[in-house]
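Understanding the architecture of this molecule
Each chain, written out:
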Amino acid sequence: MYQKTIRELREDNDKTQAEIGAVIGVPQSYYSKQELGLKPFKVEQIIELAKYYKVSADYILGLPRGLDWPR
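These notes cover the structure that comes with them. (Residues numbered from 1 in each chain as written. Predicted model: local features only at pLDDT ≥ 70, side-chain atom pairs only at ≥ 80, totals over all residues. Heavy atoms only, no water.)

The next thing to look at is the overall build of the protein. Along its length, the protein carries five helices and zero strands. For the protein, the succession of helices and strands along the chain, N to C, is α-α-α-α-α. Overall size of the protein, expressed as C-alpha extent along the three principal axes, is 40 × 25 × 20 Å. Classification of the 71 residues of the protein by burial places 31% in the buried group. In the protein, the proportion of contacts linking residues at least 24 apart, taken out of those at least 6 apart, comes to 48%. Put simply, the protein shows about 5,100 Å² of open surface, and 53% of that area lies on carbon and sulfur atoms. (Helix = DSSP H or I, 4+ residues; strand = E, 2+ residues; numbered from the N terminus. Buried < 20%, exposed > 50% of the residue type's maximum accessible area, 1.4 Å probe, protein only. Contact = heavy atoms within 4.5 Å. Areas by Shrake-Rupley, 256 points an atom, 1.4 Å probe, with all protein chains shown as cover.)

Tracing the backbone shows Ser32 in helix α3 (residues 28–35). Ser32 gets classed as buried once you look at its relative accessible area, which sits at 19%. Distance in space between the C-alpha atoms of Ser32 and Ala18 is 8.7 Å, their sequence separation being 14 residues.

Here it is, written out as structure tokens:
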């Protein structure tokens, strides 16, 4: 699931759960539950994480590149 990607991004950037929780506006204890998949991330939080880490939301969500979206 995408929680693994979010955790890996945090660890690769040497950030604590408290630091990233502050980025998305939640306490460390709640963020920990989100990373474990016990609480959902809101769409707005995924967007903030994508901006913070300078990656796409598709990357965070594990969507493959080049998807043929309906028009």
